[in-house]
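So the chains spell out like this:
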Amino acid sequence: MFRIASSRLSSRAASSSVSSTASFLASLTAKPSPVSLTPLAATSFRSYGNGLELDKSMANPDAINMINYALNQARTDKSIGSYGLGLLVLKHCLTIELTEGKDPKNENSKGIALLAMSTLEYERGEYDIALEKLQSIHELTNAYLGVRVAALEAEAGLYLELGQDDKASAIADTCVEVVEKQKTDDDDDDFKALILRAKALKGMIELVKGSIESAVPFFDKSLQLSNGTAALSYGEFLYLGQNYSMAKEVYTSVLKGASDIKKFGNPYLGACNMNLEGLMMGALCALGQLETYQGNYGNAEKALTQALTLAEETYGEKHPKVGVVLTSIALMYRRRAMEERTSSLLVQEGLYRKVIDILKVTETESEGSAPVVERSDIAAIARGGYAEILNVQENRKSEGEKLKKLAETIWKNRRLTLDEALLDLESTKISIIDPRISRILNLYIKSHGPS
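Residues numbered from 1 in each chain as written. Predicted model: local features only at pLDDT ≥ 70, side-chain atom pairs only at ≥ 80, totals over all residues. Heavy atoms only, no water.

Considerations on the packing of aromatic side chains
Piece 1. Using the criterion set out here, one finds seven aromatic pairs in the structure.
Piece 2. Judged by centre distance (6.1 Å) and plane angle (85 degrees), the ring pair of Tyr239 and Tyr293 falls under edge-to-face. Of this pair, Tyr239 sits in helix H11 (residues 228-240) while Tyr293 sits in helix H13 (residues 276-293), and the two are 54 residues apart along the sequence.
Piece 3. Look at Tyr239 and you get buried, because its relative accessible area is 2%.
Piece 4. Relative to Tyr293, the ring of Tyr244 has its centre 5.5 Å away and its plane inclined at 45 degrees; by these criteria the two rings are tilted. Placement of Tyr244 in helix H12 (residues 244-264) and of Tyr293 in helix H13 is noted, with a sequence separation of 49 residues between them. The residues Tyr244 and Tyr293 share a single accessibility class, namely buried.
Piece 5. Chaining the aromatic ring pairs together yields one cluster made of Phe219, Tyr234 and Phe237. (Phe/Tyr/Trp six-rings, centres within 6.5 Å; stacked < 30°, edge-to-face > 60°. Helix = DSSP H or I, 4+ residues; strand = E, 2+ residues; numbered from the N terminus. Buried < 20%, exposed > 50% of the residue type's maximum accessible area, 1.4 Å probe, protein only.)

A few points about the side chain of Arg375
Piece 1. Note on placement: Arg375 falls in the loop between helix H16 (345-358) and helix H17 (376-391).
Piece 2. For Arg375, a relative accessible area of 8% corresponds to the buried category.
Piece 3. For Arg375, the side chain forms a polar contact with the side chain of Tyr127, separated by 2.8 Å.
Piece 4. Side-chain polar atoms of Arg375 contact the side chain of Glu161, separated by 2.6 Å. (Polar contact = N/O pair within 3.5 Å; in protein donor to acceptor, adjacent residues only side chain to side chain.)

Laid out in structure tokens, this is it:
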């Protein structure tokens, strides 16, 4: 991990109004090739009844513009410097009068600025700082409830990605409690949407634990018509329950909804691995894996390629998220080769080697201890798949055996073997990689093959 050093702005300059904010942005772009500020689309708020967007009238326009600018700037070249500048803009945004005080509009502005800051910290690997920013949103009791739900959802998502499932479960419980305490009217659309979102978070955690039965009470059928992270998790629930046609409909609906949100430009209430880009990438990856399982390899390749393009554009070519998507693509080619009795060894080898280069295993562990690696199960699949390719080449068998042993050492999933995760056509389990949390969800299946 790395940290960005940035200077602290003076409180006097920070307390200025619109004119000084414009001057601040102008000063940051006083260079030969400035990055243009991307304003929000001038459209009215479209109520989906799902608590995913913040009506732009509920936050200060200048604060929203600064947040959009910061995110765009950080992702220009995805460097230490660009992230530093993006975070500097957000820090300034948090010190001006537009985000100060208890006024709901100001608290909303502060909340979405903190969501954006936590996202940038997450993308550069600073999970502790990202969690700190998310936790500070809990104090914004005058902010729109959806802002706080988004923070709790992202916090749970980070703990799931870190493998701290008990903490994620506790956060999900808190999320449900926070929403239920705000209940004022049974017919309130916002409450209905947010309680569905909070409960779906609990359902997602049960899927991570490998229990579809425990997840059932937390997924409402009305999520079929919804969008966002809750609907994506519901799609995974349907897929693991072998309701493939409905899962495909949900994934498609999530992608349509996310595209509409992006098009119309209202602030999306999500952060870190639960942000809008993560949602779209997750839905594309899930759809690609479903098409793979059903043997629709052309459709699978299209969806997974789109997921890869989005991951590279958002995070950069060397980001771990890219490694997760590449692993899904490699498994697709592996299954296709097995089913069609063709060879794609060169393609698979190239993909696995890219993943191995991205998801590295540290060499500093003491002798006899387990290797240290983030997203260990994804890293293990890449090494296990590459080992298979090496083992069919007589002069590389020893290298393959060594790599397979390493893969089995770093494999941590207790409900699925590494071989099962490599999509054996005769496996009695069904699994799906969730790129949002870089985890494998899996269950026993009652019958072989897709229906």
